[in-house]
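The primary structure of each chain is shown beneath.
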Amino acid sequence: DDASRDALQAQMQANAEFTSTFEQKVTDVNGQLLQQGKGTLSIAIPNRFNWHATEPDESLIVADGTDLWVYNPFIEQVSVMTLTQAMQASPMALLVQSDSSAWQDYQVEQQGQCYQIQPKPELLSGANPSLLRNAQACFEGDNLASLELLDAQGNTTLFSLSAHQSTVDPQLFVFELPEGVDLDDQRP
Amino acid sequence: CASAPKVYQVDDAAKVPDWQLNGRIAVFTPKDKFSANLFWNHRPPNQQLKLTTALGITVMSLDADKNGARLKVDGKEYRDKDPQALIAQVTQLPLPLSALSQWVKGETVDGDIVLAIDEQNRPKIVQRRFDNGQLWQAEYQSWQTLSGATVPRMIRIQHKDVRIKLQINQWLALSPPSN
């Protein structure tokens, strides 16, 4: 409900800029470990974050305030889209939004230190339905401690955040196009 | 809870029928560039292959057993007798599954043409003519030791204008070698 959504936004605002390390584990509906990795996540409300996976291999997502850049070194490609376009693919892009109109397509329910975020039914059908079924953001004090994503096929991705620091280098939210990569510009 | 499979230490990956791998795969065709994280559990006649995004969201999942294969993509389900044909029909991704299941172990079979070996006598470039006449080439760019066996780390595969890049991050032997 709206109260939960406002509480979540207030919670994110309470720690509006931080850097943290993350561990990622992806398990399928039978509990099999599909993928695991590590990296750093930096956030600056509103509309900026830097998600840099370093293990087992590198990938980088940067939200610079207006656009979202996805750098995939494995295929030497950068895709760019607007933050609103990105919201369906990246729940992080939603979490850093401060204006509540961005949240209208999502249902938020607070349960103690955790917030369940679910796409509303109209997002689950149509041309490209959201593959995300549920996102759960949990806090420890003012720190975002974990983000757990459930997809349409029952995969669960758990990001556990730690080593929070509130000093953030603003350069983290500026994306420089690396040399020699293809640019896939999906912006309208 | 995450169910951890029983894992064996082996010396020759080629002799191990049941295995599981985690890695990264990219497919380059003239009109498309595709990449995903790869999970592959291979226990003939059963196999399970899942492609997921960096955020862990399933892009494609294949389950096959002796009766046939089932593929889930974009919320729809497809079936066919042969998993390789099913993937090619539905996704247009030219994934040569049976050959790949040997290349991921650096395994060469009769009829393969080894064009080059490296300084440790491991295959470097191997060509194979498929039953459909297509000539495919696998190039082993780096190796590693996982579950006690020497297995490739980076493989580049090519057939005409289709290129596949496969990086293996984890390889688990799920059965002892069968001699």
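These numbers were taken from a predicted model, which means no experiment stands behind them.

(A) Representation of the overall build of chain B within the structure. Within chain B, the secondary structure is distributed over two helices and 11 strands. For chain B, the α and β elements follow one another from N to C terminus as β-β-β-β-β-β-α-α-β-β-β-β-β. A compact globule built from 179 residues would reach a C-alpha radius of gyration of about 16 Å, and chain B, at 16 Å, matches this within 12%. Seen along its three principal axes, the alpha-carbon backbone of chain B occupies a region of about 45 × 40 × 30 Å. A burial count over chain B gives 50% of its 179 residues as buried. Restricting the contact set of chain B to residue pairs at least 6 apart, pairs at least 24 apart contribute 42%. Here chain B carries 23 positive and 18 negative side-chain charges, and the mean point of each set is 5 Å from the other.

(B) Broad picture of the overall build of chain A. Along the backbone of chain A there are three helices and 12 strands. Against the 2.2 N^0.38 benchmark of 16 Å for 188 residues, chain A shows a C-alpha radius of gyration of 16 Å, consistent with a compact globule. Across its three principal axes, chain A shows a C-alpha extent of roughly 45 × 40 × 35 Å. Expressed as a percentage of contacts within chain A between residues at least 6 apart in sequence, the contacts between residues at least 24 apart total 47%. Total accessible area on chain A stands at roughly 8,400 Å², and carbon and sulfur atoms take up 49% of it. The average position of the 7 basic charges and that of the 26 acidic charges among the side chains of chain A differ by 4 Å.

(C) Just the sheet that holds strand β11 (residues 156-165) of chain A, in detail. All names here are of chain A. Taken in spatial order, the 12 strands make up an open sheet running β7-β8-β9-β10-β11-β1-β2-β3-β4-β5-β6-β12, and their pairing is mixed. Two strands bound the open sheet, and with one partner strand each, they are β7 (106-111) and β12 (182-185). Adjacent strand axes in the sheet meet at a mean angle of 20° when their direction is disregarded. Packed on one face of the sheet, helix α1 (residues 2-14) meets β2 (33-44), β7, β8 (114-119) and β9 (132-140) and runs near 75° to β7.

(D) Fine view of the state of the cysteines. All names here are of chain A. Using the criterion set out here, one finds one disulfide over all chains in the structure. With its sulfur 1.9 Å from that of its partner, C114 forms a disulfide with C138. Its S-S torsion of approximately 110° makes the covalent link between C114 and C138 right-handed. Of this pair, C114 sits in strand β8 while C138 sits in strand β9, placing them 24 residues apart in sequence. Neither C114 nor C138 differs from the other in exposure class; each is buried.

(E) Main features of the confidence of the model for chain A. For chain A, mean pLDDT is 92; residues scoring 70 or higher make up 100% of the total. Looking over chain A, one finds the lowest element-wise mean pLDDT in helix α3 (residues 91-95) of chain A, namely 86, and the highest in strand β1 (residues 17-27) of chain A, namely 97.

(F) Examining the interface of chain A and chain B more closely. With 32 residues of chain A in contact, the opposing surface of chain B contributes 31 residues. When chain A packs against chain B, close to 2,500 Å² is buried across both sides, 49% of that on carbon and sulfur atoms. If you sort the residues of chain A by the area they bury against chain B, L34, F74 and Q153 of chain A come out on top, with a joint share of 28%. Here chain A and chain B share three salt bridges between them. Between D57 of chain A and R24 of chain B there is a salt bridge; the shortest N-O distance is 2.9 Å. Here chain A and chain B share 17 residue pairs in polar contact (both at pLDDT 80 or more) between them. Those elements giving two or more residues to the side of chain A that touches chain B turn out to be β1, β2, β10 (143-151) and β11 of chain A.

(G) Seen up close, the nonpolar core. By size, the foremost hydrophobic cluster in this structure holds 45 residues, and its most contacted members are W40, W103 and W171 of chain B. Among the elements that take part in this core, strand β11 (residues 162-173) of chain B stands out by supplying six residues, more than any other. Ignoring anything within four residues of it in the chain, the contact list for W171 of chain B reads V10, A13, V16, W19, Q20, L21, K105, L146, S147, A149 and V151 of chain B. Counting 41 residues, the second-largest nonpolar core is a separate cluster that includes F49, I61, L83 and F159 of chain A.

How each quantity is defined
Residues numbered from 1 in each chain as written. Chains lettered and ligands numbered in written order. Predicted model: local features only at pLDDT ≥ 70, side-chain atom pairs only at ≥ 80, totals over all residues. Heavy atoms only, no water. Helix = DSSP H or I, 4+ residues; strand = E, 2+ residues; numbered from the N terminus. Rg over C-alpha atoms; globule rule 2.2 N^0.38 Å. Buried < 20%, exposed > 50% of the residue type's maximum accessible area, 1.4 Å probe, protein only. Contact = heavy atoms within 4.5 Å. Lys, Arg positive; Asp, Glu negative; His and termini not counted. Charge placed at Lys NZ, Arg CZ, Asp CG, Glu CD. Areas by Shrake-Rupley, 256 points an atom, 1.4 Å probe, with all protein chains shown as cover. Pairing = 2+ DSSP bridges. Axes fitted to C-alpha atoms, helices over the stretch in contact; angles between N-to-C directions. Disulfide = S-S within 2.5 Å. pLDDT = per-residue confidence, 0-100. Buried area = accessible area lost by both parts, 1.4 Å probe. Salt bridge = Lys/Arg side-chain N within 4 Å of Asp/Glu carboxyl O. Polar contact = N/O pair within 3.5 Å; in protein donor to acceptor, adjacent residues only side chain to side chain. Core = buried A, V, L, I, M, F, W, Y, C linked by side-chain atoms within 4.5 Å.

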